[in-house]
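Structural characterization, general
Below, each chain spelled out in residue letters.
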Amino acid sequence: MLQYKIIPVTPFQQNCTLVWCDETQDAALIDPGGDLHLLQAAIEQANVKVTKILLTHGHLDHVGGTAELVRKHGLPIEGPQREDAFWIDQLPMQCQMMGFPPVQNFQPDRWLEQGDRVTVGREQLEVFFCPGHTPGHVVFYHAGQQLAWVGDVLFAGSIGRTDFPRGDYDTLVTSIRKNLWPLGDAVQFIPGHGPMSTFGTERKTNPFVADHRFG
Ligand SMILES: [Zn+2]
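Below you will find a few notes about this structure. (Residues numbered from 1 in each chain as written. Predicted model: local features only at pLDDT ≥ 70, side-chain atom pairs only at ≥ 80, totals over all residues. Heavy atoms only, no water.)

Brief notes about the pattern of salt bridges
For the record, the criterion: Counted as salt bridges are all cases of a side-chain nitrogen of Lys or Arg within 4 Å of a carboxyl oxygen of Asp or Glu. Each helix is a run of H or I in the DSSP string that is no shorter than four residues. Each strand is a run of E no shorter than two, and both are numbered from the N terminus. Type-normalised accessible area, obtained with a 1.4 Å probe on protein chains alone, sets the label of each residue: buried when under 20%, exposed when over 50%, and partly exposed for intermediate values.
Under the criterion given, the structure shown has 8 salt bridges. Note that Lys-72 is salt-bridged to Glu-68, the shortest N-O span being 3.1 Å. Of this pair, Lys-72 and Glu-68 both sit in helix α3 (residues 66-73), 4 residues apart, which is roughly one turn of that helix. One salt bridge in this structure joins Arg-166 and Glu-83, with 2.8 Å as the shortest N-O distance. Separated by 83 residues along the polypeptide, Arg-166 in the loop between β11 (158-159) and α6 (169-180) and Glu-83 in the loop between β5 (77-78) and α4 (85-89) bring together distant segments of the chain. By relative accessible area, Arg-166 is classed as partly exposed at 47%. Counted as one network, the salt bridges with shared partners bring together Lys-52, Glu-78 and Arg-110.

Examining the coordination of the zinc ion
Ideal geometry at a metal centre: 109.5 degrees between donors when four sit tetrahedrally, and 90 or 180 degrees when six sit octahedrally. As a reminder, the rule being used: Donor atoms: N, O and S within 2.8 Å of the metal, or within 3.2 Å for Na, K and Ca. Because water is excluded, sites can look incomplete.
At the metal site, the zinc ion is ligated by His-57 (NE2), His-59 (ND1), His-133 (NE2) and Asp-152 (OD), and these contacts range over 2.2 to 2.3 Å. Donor residues for the zinc ion sit on one chain with the sequence pattern H-x1-H-x73-H-x18-D. Of the two residues, His-57 is situated in the loop between β4 (49-54) and α2 (60-63) and Asp-152 in the loop between β9 (147-151) and β10 (154-155); the sequence distance between them amounts to 95 residues. Neither His-57 nor Asp-152 differs from the other in exposure class; each is buried.

Quick look at the sheet that holds strand β8 (residues 138-142)
Our working rule: What makes two strands pair is DSSP finding at least two bridges between them.
As summarised here, the arrangement of the 6 strands in space is β6-β7-β8-β9-β12-β13, forming an open sheet in which the pairing is mixed. What marks the edges here is a single partner per strand, and that holds for β6 (117-120) and β13 (197-198). Where β8 meets β9, 3 bridges bridge the pair, whose relative direction is antiparallel. If you follow Tyr-141 over to β9, its bridge partner there is Ala-148.

Concerning the environment of Leu-154
This is how it is decided: Here, two residues are considered to be in contact whenever any of their heavy atoms come within 4.5 Å of each other.
By secondary structure assignment, the location of Leu-154 is in strand β10. Along the chain, Leu-154 and Phe-189 lie 35 residues apart, while their C-alpha atoms are 8.8 Å from each other. Those residues in contact with Leu-154 that sit more than four places away from it in its chain are Ile-159, Ile-176, Leu-180, Trp-181, Phe-189, Pro-191, Phe-199, Glu-202, Asn-206 and Val-209.

Topic: unusual backbone geometry
Of note, the amide linkage connecting Gly-79 to Pro-80 takes the cis form, showing an omega dihedral of -5°. Mapped onto the elements, Pro-80 comes out in the loop between β5 and α4. Positioned with a positive phi, Asn-47 is a non-glycine residue whose angle comes to about 55°. Structurally, Asn-47 is set in the loop between α1 (36-46) and β4.

So, the nonpolar core
This is how the line gets drawn: What is meant by a nonpolar core is a set of buried Ala, Val, Leu, Ile, Met, Phe, Trp, Tyr and Cys residues, joined one to another through side-chain atoms within 4.5 Å.
Ranked by internal contacts, the top residues of the largest apolar core, which has 27 residues, are Leu-18, Leu-29, Leu-39, Val-48, Val-50 and Phe-106. When near neighbours in sequence (up to four residues on either side) are disregarded, Phe-106 contacts Leu-55, Val-63, Thr-66, Ala-67, Ile-77, Ile-88 and Leu-91. In terms of nonpolar packing, the next biggest core, distinct from the first, is built from 19 residues, Val-150, Leu-183, Val-187 and Phe-199 among them.

Focus: the side chain of Gln-81
For Gln-81, the location among the structural elements is in the loop between β5 and α4. A relative accessible area of 7% means that Gln-81 is categorised as buried. Excluding residues within four positions of it along the chain, Gln-81 makes contact with Trp-111, Leu-112, Glu-113, Phe-129, Pro-135, Gly-136 and Val-138.

Points about the pairing of β4
Using the following cut-off: Every crossover in which the path from the first strand over the helix to the second runs clockwise, viewed with the strands pointing away from the viewer, is termed right-handed.
Sheet topology places strand β3 (residues 26-30) next to β4; 5 bridges connect them, and they run parallel. Looking at the pairing, Ala-27 lines up with Val-50 of β4. After leaving β3, the chain enters α1 and then returns to the sheet as β4, a path that is right-handed. Two strands pair when backbone bridges link them, and β4 and β5 are joined in this way by 2 bridges, in the parallel orientation. Its bridge partner lying in β5, Leu-54 is registered against Glu-78.

Concerning the sheet that holds β5
This is how the line gets drawn: Helix axes use the C-alpha atoms of the stretch in contact, all axes being lines fitted to C-alpha atoms, and the angles between their N-to-C directions lie in the range 0 to 180 degrees.
Taken in spatial order, the 5 strands make up an open sheet running β1-β2-β3-β4-β5, and their pairing is mixed. A strand with exactly one partner marks an edge of an open sheet, and here the two such strands are β1 (2-9) and β5. Note that β1 and strand β2 (residues 14-21) share 8 bridges and pair antiparallel. Within β2, the position partnered with Gln-3 by the bridge is Trp-20. Lying on the sheet, α1 is in contact with β1, β2, β3 and β4; it crosses β1 at an angle near 155°. Each of β3, β4 and β5 is contacted by α3, which is oriented at about 145° to β4, the strand it contacts most.

Have a look at this one:
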């Protein structure tokens, strides 16, 4: 089984998730945006060994803790898709814009593409390429437990902003409807901010992507 604990980090309360395989106790941090002391406490409480960092996209509140984690623990970085390289390269500027203390940029060890798989111990997550909020955004999906990490693609009752450089509203809506909905209404998702929901609930009630909006 894949276990997980959501840890909201940064002033933006971004949902970093510690995920681990309960057979091997190998773990990954998905979107470690900052507040490393909170992540460290969760790691100790779960008694797991973090072996990698997984990134959905290059925004500061999702990746801001990455360089320091790599420096301290030498962890490999997987994701996002390479079109987000410009966001990662501009991390120092993102810090200035958002009023964050400065962080270093970094180089992912593996860019991800649609159809790739990433492992956490003996568990596997499927990768879906879902641009629109950023051009290189990816979503992670655990088929066995019907659980998805969607970053800032989709929220309970909303969707990601598309007013950043290279954001695109139509592309985002298409990513959600073509990539996420086919996974099934029962799929639960952990968004980058706010509470969990299910794809089925959003298809009924989300004011941006509910089915009734599209005839
Ligand atoms: Zn974002």
